[in-house]
Amino acid sequence: MDRRKQIEDFFKGELTDNQAKELLAWLNTSEGEEFMSADILQLWSEKSGNTKYEEWDSQSLWQKINKDKAGYPSPRLHKDSVVKKRLIPGWLKIAASFFVFSVLSLLVIQFIEFEKTEIKVEASSVRMIEKFNPAGQKTKIHLPDGSTVYLNSESKITYSEDFITNRYINLEGEAFFNVAKDENNPFAVASNGIVTTALGTSFNISTFHKDEKVTVTLLTGMVKLNLEDKDDYLILNPGEESVLSKNMSSVDKKIVDANQRILWMDGVLRFEETSLDEMVTLLERWYGVQISIKGKQKDVLASGTFENNETLKNVLQVLSASIGFEYKLKEKEVLIEFK
């Protein structure tokens, strides 16, 4: 997709509402932020060395444009040439428009109910970074240490700004972690009182349990699990999984098909003898809808695999035929009716 042209079409008013929402949501992801900052830096560096306009301080202007964008790298500027003209360079207008647009998009996103994926809040003297996904949205997050997080819907991670030397994350919901190796700085994830520690590995953590249990599944490497402030721990090897709770007196593990636990990353929706309540909760989180049930509920279990980001309508059609219910789908609301 040509994002440059899409941005131009946005300013021309040539995008549909859905296309505009998709663009604004993308700009608010890590990929979108990298695209915006990279474009501004490129324009700045390319133009600053050969511009012929006078009485402008490139470093000063960049600081003014960039003052609310803490965390982006500083540009490497060439020496500015000095010529007497009272003109504003066109490239500077472009850079400024990109900055204004990125700030504006954050404001607009709040009104169209997309999440703000990065929020910096003060916590004592260290600023915290928060990444959050609402229902129906998943994101890939690049951490400062080179690690990658795939964050599921209705999930949130929080970590400190000095993450490179303080690799500690708080997780709510579900995420898959691909950890960059750093023997001097262990990588730890805290979730519902359970701490998962790794040096360089990949694992999935899910807290989507009504009883506040945490499921940790290891794909590669090795991780250590322990309760917060407790010395006892459990070691997981590849292909092993443990379901823990801070209220449990002992912990154990089992061998599983670990790849089945991360199908959600590829847009695969899977039910395996799932209760009706769990099915409804998963569908609400996956598609960002509200589901209500009418009639006497049946004691049924749902099973099935839906690939390639299957539409909600097709999923409901298959489930209704196998379980035995009728449904009505209207925008973000679903009515399941048993007769």
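Residues numbered from 1 in each chain as written. Predicted model: local features only at pLDDT ≥ 70, side-chain atom pairs only at ≥ 80, totals over all residues. Heavy atoms only, no water.

Identification of the protein as FecR family protein from Belliella kenyensis is taken from an unreviewed UniProt entry.

**Student:** Could you clarify how one ought to interpret the overall build of the protein in this entry?
**Tutor:** A tally of regular secondary structure across the protein gives eight helices and 20 strands. Per-residue burial for the protein yields a buried fraction of 44% across its 339 residues. Within the protein, contacts between residues at least 6 apart in sequence are counted, and of these 49% link residues at least 24 apart. With the model as given, the accessible surface of the protein reaches about 19,200 Å², and the carbon-plus-sulfur share is 48%. (Helix = DSSP H or I, 4+ residues; strand = E, 2+ residues; numbered from the N terminus. Buried < 20%, exposed > 50% of the residue type's maximum accessible area, 1.4 Å probe, protein only. Contact = heavy atoms within 4.5 Å. Areas by Shrake-Rupley, 256 points an atom, 1.4 Å probe, with all protein chains shown as cover.)

**Student:** Help me understand the confidence of the model for the protein in this model?
**Tutor:** When pLDDT is low, close inspection of the predicted coordinates is not appropriate. Mean pLDDT for the protein: 76, with 71% of residues reaching 70 or above. Here residues 38-97 is modelled with pLDDT under 50, and outside its nearest four sequence neighbours on either side it reaches 71 contacts, counting other chains as well. Here residues 102-123 is a poorly scored stretch, pLDDT under 50, and it has 45 contacts once near neighbours within four places are set aside; other chains count. (pLDDT = per-residue confidence, 0-100.)

**Student:** Mind showing me how you'd approach the packing of helix 7 (residues 276-287) against helix 8 (residues 312-324) here?
**Tutor:** A pair of packed helices can be characterised by two numbers: the angle between their axes and the separation between those axes. Running from N to C, helix 7 and helix 8 cross one another at 170°; their axes reach a closest spacing of 12 Å. Accordingly, the angle class assigned to the pair helix 7 and helix 8 is roughly antiparallel. Taken together, the residues of helix 8 that come into contact with helix 7 (itself represented by Met279, Leu283 and Tyr287) are Leu312, Val315, Leu316, Leu319 and Ile323. (Axes fitted to C-alpha atoms, helices over the stretch in contact; angles between N-to-C directions. Parallel < 35°, antiparallel > 145°, perpendicular 65-115°, else oblique.)

**Student:** So what exactly am I meant to see when it comes to the side chain of Asp145 here?
**Tutor:** Note that Asp145 resides in the loop between strand 3 (139-142) and strand 4 (148-151). A polar side-chain atom of Asp145 sits 2.9 Å from a polar atom in the side chain of Ser147. A distance of 2.5 Å separates a polar atom in the side chain of Asp145 from a polar atom in the side chain of Arg167. Non-local contacts of Asp145, meaning those with residues more than four positions away in its chain, are made with Phe163, Ile164, Arg167, Ala180 and Phe187. (Polar contact = N/O pair within 3.5 Å; in protein donor to acceptor, adjacent residues only side chain to side chain.)

**Student:** Explain the pattern of salt bridges here, please?
**Tutor:** Pairing of side chains with opposite charge becomes possible as their charged atoms draw close. The final tally for this structure, using the stated rule, is nine salt bridges. The closest approach of N and O atoms between Glu161 and Arg127, which form a salt bridge, is 2.8 Å. Of this pair, Glu161 sits in the loop between strand 5 (155-160) and strand 6 (168-172) while Arg127 sits in strand 2 (residues 126-133), placing them 34 residues apart in sequence. With a relative accessible area of 36%, Glu161 lands in the partly exposed category. Residue classification places Arg127 among the partly exposed positions, given a relative accessible area of 29%. One salt bridge in this structure joins Lys253 and Glu240, with 3.1 Å as the shortest N-O distance. Separated by 13 residues along the polypeptide, Lys253 in the loop between strand 14 (240-244) and strand 15 (254-255) and Glu240 in strand 14 bring together distant segments of the chain. By relative accessible area, which is 36% here, Lys253 ends up partly exposed. Residue classification places Glu240 among the buried positions, given a relative accessible area of 14%. (Salt bridge = Lys/Arg side-chain N within 4 Å of Asp/Glu carboxyl O.)

**Student:** Looking at this structure, I do not really get the sheet that holds strand 7 (residues 174-178). What am I missing?
**Tutor:** Hydrogen bonding along the main chain pairs the strands of a sheet, whether they run parallel or antiparallel. Reading across the sheet, the seven strands line up as 3-4-7-10-11-14-15 and stay open at both edges, with antiparallel pairing between neighbours. Each edge of the open sheet is held by one strand with a lone partner, namely strand 3 and strand 15. Relative to strand 4, strand 3 runs antiparallel, the two being bridged by four bridges. Each bridged residue has a counterpart across the sheet, and for Lys140 the counterpart in strand 4 is Tyr150. (Pairing = 2+ DSSP bridges.)

**Student:** When you look at the packing of helix 1 (residues 3-12) against helix 2 (residues 17-27) in this model, what are you seeing that I'm missing?
**Tutor:** Running from N to C, helix 1 and helix 2 point in directions that differ by 125°, and their axes come no closer than 11 Å. Comparing their axes, helix 2 and helix 1 come out oblique. Note on packing geometry: the crossing formed by helix 1 with helix 2 is left-handed. Each of Arg3, Gln6, Ile7 and Phe10 in helix 1 lies in contact with helix 2, whose residues at this interface are Gln19, Ala20, Glu22, Leu23, Leu24 and Trp26. Residue classes in the contact of helix 1 with helix 2 are distributed as six nonpolar, two polar and two charged. (Left-handed = near helix turned anticlockwise from the far one by under 90°. Nonpolar A, V, L, I, M, F, W, Y, C, P; charged D, E, K, R; others polar.)

**Student:** Sorry, what's going on with the sheet that holds strand 20 (residues 333-337) here?
**Tutor:** Ordered in space as 17-20-19, the three strands form an open sheet in which the pairing is mixed. If you trace the sheet from one side to the other, it starts and ends with strand 17 (290-294) and strand 19 (326-330), each paired once. Sheet twist, expressed as the average angle between the axes of neighbouring strands with direction ignored, equals 15°. When strand 19 meets strand 20, the two strands line up antiparallel, connected through five bridges. In the strand pairing of strand 20, Tyr327 is matched with Ile336. Most of the contacts of helix 7 go to strand 17, to which it runs at about 150°, and overall it touches strand 17 and strand 20. Packing against the sheet, helix 8 makes contact with strand 19 and strand 20, and its axis sits at approximately 170° to strand 19.

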